[in-house]
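Inside the fold
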Amino acid sequence: FKRKIQIMTWFPERRRPTWLQRLCEAILKSGPVPQHVAIIMDGNRRFAVKNSLEKCEGHVRGFDKLAETLEWCLDLGITEVTVYAFSIENFKRSPDEVNGLMELSRQKFAKLLEERNLIQEHQVCVRIIGDISLLPRDLQELLAEAVSISANNKRAVLNVCFAYTARDDMCNAMRELSSGVKDGFIRESDISENLLEKCLYTSHSRSVDLLIRTSGEVRLSDFLLWESAYTCLAFVKVLWPEFSIWHLYAAILHYQRNYNKIQIARQNLMIERERLQRESDHRCMLEEETEACSKLEIIPPGKVSIPTTHSIITQNKNVQALVQQYAEARTERENVFLAHVYTKRADFIKSLLPKHP
Ligand code: FPP
Ligand code: MG
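Just so it is clear, the structure is predicted and the values come from calculations on it, not from any experiment.

Each value, and the rule that gives it
Residues numbered from 1 in each chain as written. Chains lettered and ligands numbered in written order. Predicted model: local features only at pLDDT ≥ 70, side-chain atom pairs only at ≥ 80, totals over all residues. Heavy atoms only, no water. Helix = DSSP H or I, 4+ residues; strand = E, 2+ residues; numbered from the N terminus. Buried < 20%, exposed > 50% of the residue type's maximum accessible area, 1.4 Å probe, protein only. Contact = heavy atoms within 4.5 Å. Areas by Shrake-Rupley, 256 points an atom, 1.4 Å probe, with all protein chains shown as cover. Salt bridge = Lys/Arg side-chain N within 4 Å of Asp/Glu carboxyl O. Pairing = 2+ DSSP bridges. Axes fitted to C-alpha atoms, helices over the stretch in contact; angles between N-to-C directions. Near = heavy atom within 4 Å. Polar contact = N/O pair within 3.5 Å; in protein donor to acceptor, adjacent residues only side chain to side chain. Nonpolar A, V, L, I, M, F, W, Y, C, P; charged D, E, K, R; others polar. Left-handed = near helix turned anticlockwise from the far one by under 90°. Core = buried A, V, L, I, M, F, W, Y, C linked by side-chain atoms within 4.5 Å. Parallel < 35°, antiparallel > 145°, perpendicular 65-115°, else oblique.

Regarding the overall build of the protein
- Helix and strand counts for the protein stand at 11 helices and six strands.
- Projecting the C-alpha coordinates of the protein onto the three principal axes gives extents of approximately 85 × 55 × 35 Å.
- Going through the 357 residues of the protein one by one, you find that 46% of them count as buried.
- Restricting the contact set of the protein to residue pairs at least 6 apart, pairs at least 24 apart contribute 79%.
- Surface accessibility of the protein: about 19200 Å² in total, with carbon and sulfur atoms responsible for 55%.

Some remarks on the pattern of salt bridges
- The final tally for this structure, using the stated rule, is 29 salt bridges.
- Where salt bridges share partners, they join Asp-42, Arg-46, Arg-213, Glu-217 and Arg-219 into one cluster.

Notes on the sheet that holds strand β3 (residues 124-129)
- Strand order in the open sheet made by the six strands is β3-β4-β2-β1-β5-β6, with parallel pairing throughout. Both edges of this open sheet fall to β3 and β6 (232-235), since each of them pairs with a single strand only. When the angles between neighbouring strand axes are averaged without regard to direction, this sheet yields 20 degrees.
- The sheet contact formed by strand β1 (residues 36-40) and strand β5 (residues 210-213) spans four bridges and is parallel. Note that in β5 the partner of Ile-40 across the bridge is Arg-213.
- Seen against the sheet, helix α7 (residues 137-150) touches β3 and β4 (156-164) and runs at an angle of roughly 145 degrees to β3.

Topic: the site of ligand 1
- In the vicinity of ligand 1 lie 15 residues, with Asp-42, Arg-45, Arg-46, His-59 and Arg-93 positioned nearest.
- Between ligand 1 and Asn-44, the relevant distance is 3.2 Å, taken from an oxygen atom to a main-chain nitrogen or oxygen of the residue.
- Arg-45 places a polar side-chain atom, nitrogen or oxygen, 2.8 Å from an oxygen atom of ligand 1.
- Here ligand 1, which alone exposes 630 Å², has 93% of that area covered by the protein.
- Residue assignment for the shell around ligand 1 shows that the elements contributing at least two residues are α3 (44-50), α4 (55-76) and α5 (95-114).
- At four residues, the largest contribution of residues to the shell around ligand 1 is made by α4.
- Classifying every residue of the shell around ligand 1 gives five nonpolar, five polar and five charged.

What to know about the packing of α5 against α7
- Packing of α5 against α7 brings their axes to within 9 Å, and their N-to-C directions diverge by 35 degrees. As α5 runs across α7, the sense of the crossing is left-handed. On the side of α5, the interface is formed by Met-102, Ser-105, Arg-106, Phe-109, Ala-110, Leu-112 and Leu-113, while α7 contributes Asp-138, Leu-139, Leu-142, Leu-143, Glu-145, Ala-146 and Ile-149.
- Residues of the contact of α5 with α7, tallied by class, amount to 10 nonpolar, one polar and three charged.

Observations regarding the environment of Tyr-230
- Within the secondary structure, Tyr-230 is located in the loop between β5 and β6.
- Given a relative accessible area of 35%, Tyr-230 falls into the partly exposed group.
- It is 29 Å that separates the C-alpha atoms of Tyr-230 and Glu-328, two residues lying 98 residues apart in sequence.
- Other than its neighbours up to four places away in sequence, Tyr-230 contacts Val-208, Ile-262, Ala-265, Arg-266 and Leu-269.

Concerning the nonpolar core
- Ranked by internal contacts, the top residues of the largest apolar core, which has 60 residues, are Phe-109, Ile-128, Phe-162, Leu-210 and Ile-212.
- A per-element tally of this core places α4 first, with eight residues.
- Apart from residues lying up to four places away in sequence, Ile-128 is in contact with Phe-109, Leu-143, Val-147, Val-160 and Phe-162.
- By size, the runner-up hydrophobic cluster in this structure holds 23 residues, among which are Ala-38, Tyr-84, Leu-177 and Val-341.

Considering the packing of helix α2 (residues 19-29) against helix α10 (residues 245-296)
- Viewed as axis vectors pointing N to C, α2 and α10 meet at an angle of 20 degrees, and their least axial separation amounts to 11 Å. It follows that α2 is roughly parallel to α10 by the angle criterion. Along this stretch, α2 crosses α10, giving a crossing that reads as left-handed. Facing α2, whose interface residues are Leu-20, Gln-21, Cys-24, Glu-25 and Leu-28, α10 presents Ile-245, Trp-246, Tyr-249, Ile-252, Leu-253 and Gln-256.
- Residue composition of the contact of α2 with α10, by class: eight nonpolar, two polar and one charged.

A few points about the pairing of β1
- For β1, the tally of buried residues reaches five of five residues, placing the bulk of the element in the interior.
- Here β1 shows a buried face lined by His-36, Ala-38 and Ile-40 and a second buried face lined by Val-37 and Ile-39.
- Relative to strand β2 (residues 80-87), β1 runs parallel, the two being bridged by four bridges. Across the sheet, residue Ile-39 finds its bridge partner in β2, namely Val-83.

Distances and angles like these do not, on their own, reveal function.
In structure tokens, the structure reads:
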């Protein structure tokens, strides 16, 4: 079993595409291709049972399918792929299976480090999404090294969700925001969807366009719950190790059929967010001004006592400028806070890297 794992690579020998594949690819590429695809690779154990294999062998086949799928995605021009490799819930599986999955991951990431020239050649940046402090220390170190050696690669991104659930990610983001307020980086009123999103592990990712789940299950199982609010969902009735390029083409076609509606929904979301932010900035600026003016016993802008056309126009201009000024100060607070959060995360990864004297 161990020997078999070792031979398998992240960059399998590529088979020449058939003319039919080339044709389908060309047709799909003439439409909008999802830039970010997320995958719940479900059905490995059922595949093992169906084929009289050990459970762990099902996961090994699952990994091979992942390596193959990444090549298909690169060929199609998909620039970001996020996969659910290990959920926090998976720790509840039998110790044998958990250890098997940890060992598989150790082998695969060690292999990835061995193949570092290939990862540079393909220009793939590997990111780990999740609370890796829950993993064995040696695996944390391997993951950190994979992240570190590939950090500057620009062609594509592979996000591996490891020790991850979406709700844990959101709780963690809320804790970051709460400490940000407590430590004086941000104010409570600065907390918005936009800022919370930037505290998630996926903060550096583009929005998820297409989410595929194999095995016929039709639920999200705590995967990318925040990020998939405006994502096209494709539930495929095939076990993950049986997933083929044709299933991928079909999922992309499904995405293309729903593309316009998804874009409209996303645009509306952005407009609504901007409106809410403007309103919040306006409200906060007024509160700030009212407080400042009450100390000096003068009438705050926006609260005109004798409304004349001239005074309203002047006041409005004044108010707009003050809102703008407030928004700039808020953005500055947010940027300093986020830089602090990201530095903390980068320092954690650095602390796991081998120390060079
Ligand atoms: C779900 O199938 C699959 C997993 C919990 C593990 C997925 C992991 C891999 C494919 C390997 C990835 C490894 C690396 C290094 C990225 P299941 O176990 O729930 O199967 P079932 O639904 O048939 O029970
Ligand atoms: Mg399952």
